[in-house]
Amino acid sequence: MTTPYAHAFWSLGDGTGEIRQAELSVSGDLMIRTCYSAISRGSETLVFKGQVPVSEYQRMRAPFQSGEFPGPVKYGYSNVGVVEQGAHDWHGRYVYCLHPHQTHYRVGADDVVPLPPDVPPQRAILGANMETALNALWDAAPGIGDRISVVGAGVVGALVAWLCARLPGAHVQLIDIDERKRFLGEALSVDFHTPETAVAEQDLVIHASASDGGLQTALSLAGFEATVLEMSWYGSREVNLPLGEAFHARRLTLRSSQVGSVSPGHRPRWDHKRRLSLALSLLNHDCLDVLISGESHFRDLPETLKRLSQSDDDTLCQRIRYG
């Protein structure tokens, strides 16, 4: 039975949000009922607070976004649902879609990726985070036996560290100022450190803390002619970064990574959908459930995002349930 209306979450761009009725599209091969979605602590809290720079309005658009920045805007890109209407071979299948938080939606078959059979839908909400981490590894090109530091133990940073640790002989340290995240080291089989105890002279440093202090720590840990890969996105906030001291003497490379474009080394053969399919397949490890540290209902999204936008909140990935 067709559902003529759905409900969707809108960020108003001033630190508030609301649930609104949404009329379903009449086009699209598949009708999907959302089971879970996830909140990106980075981009979505910036959108929620209206901190997307004017220069980035177009680049920051989500695939199925409605409205314009700074708001109101229907924004989000990590949605797992089940196909309720469509071709027979799609009916009942769990799929991943870069769709905002909405109870039902209609899209084309080319707009979704079926979940691998060994990845539960409750965990598949990490798909966008894993895709970002995967693209970062393609950009950083870590090698066998490298000494690698990841600064910032959020969801993306933790996934980057976990992927790096799977390289033969690699020694990986995950660094964060928050001692409450120390449990991630044991769960993901990496060494956890605070900046005070982190080991320097690293072959590669990846920064994902979105803080001035974190980037300064990343630079201080890099060895001679090493690369510091910057994954953080700061929105409209300026970054204070001292490029004096030993930056030039060490001949460091500071490079950006962003998931909007496939890494240059893979771009000739990989498109976004192939990359996302690979990212989803990498989520078939139970240890990654540790990254989903909060869950709330869709109807509570306005208050949930308000809480997550506070800097002292220690939630990693917040799962939104719809049932």
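Look up: the structure comes first, before these words.
Keep in mind the model is a prediction, meaning the values are calculated, not measured. (Residues numbered from 1 in each chain as written. Predicted model: local features only at pLDDT ≥ 70, side-chain atom pairs only at ≥ 80, totals over all residues. Heavy atoms only, no water.)

Draft legend 1. Focus on the overall build of the protein. What the protein contains, in helices and strands, is eight helices and 17 strands. For 323 residues, the compact-globule estimate of 2.2 N^0.38 gives 20 Å, and the C-alpha radius of gyration of the protein, at 20 Å, lies within 12% of that figure. Expressed along its principal axes, the backbone C-alpha trace of the protein runs to roughly 65 × 40 × 40 Å. Within the protein, the proportion of its 323 residues that are buried is 52%. Contacts spanning at least 24 positions in sequence make up 67% of the contacts within the protein whose residues lie at least 6 apart. Here the protein displays about 14,600 Å² of accessible surface, and carbon together with sulfur accounts for 50% of that area. (Helix = DSSP H or I, 4+ residues; strand = E, 2+ residues; numbered from the N terminus. Rg over C-alpha atoms; globule rule 2.2 N^0.38 Å. Buried < 20%, exposed > 50% of the residue type's maximum accessible area, 1.4 Å probe, protein only. Contact = heavy atoms within 4.5 Å. Areas by Shrake-Rupley, 256 points an atom, 1.4 Å probe, with all protein chains shown as cover.)

Draft legend 2. Layout of helix α3 (residues 127-140). In a regular helix each residue adds 1.5 Å, so 14 residues correspond to 20 Å; α3 covers 20 Å between its end C-alpha atoms and thus fits that length. Judged by how many residues are buried, α3 sits mostly within the fold: 13 of 14 residues are covered. Backbone geometry just after α3 places alanine 141 at a positive phi near 50°. (Expected span 1.5 Å × (residues − 1).)

Draft legend 3. Expanded view of the packing of aromatic side chains. Under the criterion given, the structure shown has five aromatic pairs. Ring centres of tyrosine 57 and phenylalanine 69 lie 5.7 Å apart, and the angle between their planes is 50°; on these two criteria the pair is classed as tilted. Of the two residues, tyrosine 57 is situated in the loop between α1 (43-48) and β4 (66-67) and phenylalanine 69 in the loop between β4 and β5 (73-74); the sequence distance between them amounts to 12 residues. A relative accessible area of 7% places phenylalanine 69 in the buried class. Note on phenylalanine 298 and tyrosine 322: the rings are 4.9 Å apart at their centroids and 25° apart in plane angle, and the pair reads as stacked. Of the two residues, phenylalanine 298 is situated in the loop between β16 (292-297) and α8 (301-308) and tyrosine 322 in the segment after β17 (317-321); the sequence distance between them amounts to 24 residues. Exposure class is identical for phenylalanine 298 and tyrosine 322. Each is buried. Members of the aromatic cluster, connected to one another through ring pairs, are Tyr57, Phe69, Tyr75 and Tyr77. Across the ring face of tryptophan 90, the terminal group of arginine 93 is positioned such that the distance to the ring centre comes to 5.2 Å. (Phe/Tyr/Trp six-rings, centres within 6.5 Å; stacked < 30°, edge-to-face > 60°. Lys NZ or Arg CZ within 6 Å of the ring centre and 35° of its normal.)

Draft legend 4. Spatial organisation of the state of the cysteines. With the rule as written, the count across this model stands at zero disulfides. Of the cysteine sulfurs around cysteine 97, a residue in no disulfide, the closest is that of cysteine 35, at 13 Å. (Disulfide = S-S within 2.5 Å.)

Draft legend 5. Molecular detail of the nonpolar core. If you look at the biggest cluster of nonpolar residues, it comprises 53 residues, and the most contacted ones within it are Val160, Ile206, Leu288 and Leu291. When residues no more than four places from it in sequence are discounted, the contact partners of leucine 288 are Arg123, Leu126, Met130, Leu159, Trp162, Leu188, Leu282 and Leu283. Counting 14 residues, the second largest nonpolar core, distinct from the first, contains Ala198, Ala222, Val228 and Leu252. (Core = buried A, V, L, I, M, F, W, Y, C linked by side-chain atoms within 4.5 Å.)

Draft legend 6. Highlighting the environment of cysteine 164. In this structure, cysteine 164 sits in helix α4 (residues 155-165). By relative accessible area, cysteine 164 is classed as buried at 0%. Cysteine 164 has contacts with Leu137, Pro142, Ile148, Ala170, Val172 and Ile206, leaving out every residue within four places of it along the chain.

Draft legend 7. Spotlight on the packing of α3 against α4. Two elements in contact, α3 and α4, have axes whose closest approach is 9 Å; the angle formed by their N-to-C orientations is 50°. Taken together, the axes of α3 and α4 are oblique relative to one another. Regarding α3 and α4, the two cross each other, and that crossing is right-handed. Here Asn129, Met130, Thr132, Ala133, Leu134, Ala136 and Leu137 of α3 lie close against α4, whose contacting residues are Val155, Val156, Leu159, Val160, Trp162, Leu163 and Cys164. Partitioning the contact of α3 with α4 into residue classes produces 12 nonpolar, two polar and no charged. (Axes fitted to C-alpha atoms, helices over the stretch in contact; angles between N-to-C directions. Parallel < 35°, antiparallel > 145°, perpendicular 65-115°, else oblique. Left-handed = near helix turned anticlockwise from the far one by under 90°. Nonpolar A, V, L, I, M, F, W, Y, C, P; charged D, E, K, R; others polar.)

Draft legend 8. Broad picture of the pattern of salt bridges. Per the stated rule, a full pass over the model turns up 19 salt bridges. Glutamate 225 serves as the salt-bridge partner of arginine 251, at 2.7 Å between the closest nitrogen and oxygen. One end of the pair, arginine 251, is in the loop between β14 (222-230) and β15 (253-256); the other, glutamate 225, is in strand β14, with 26 residues separating them in the sequence. What makes arginine 251 exposed here is its relative accessible area of 54%. (Salt bridge = Lys/Arg side-chain N within 4 Å of Asp/Glu carboxyl O.)

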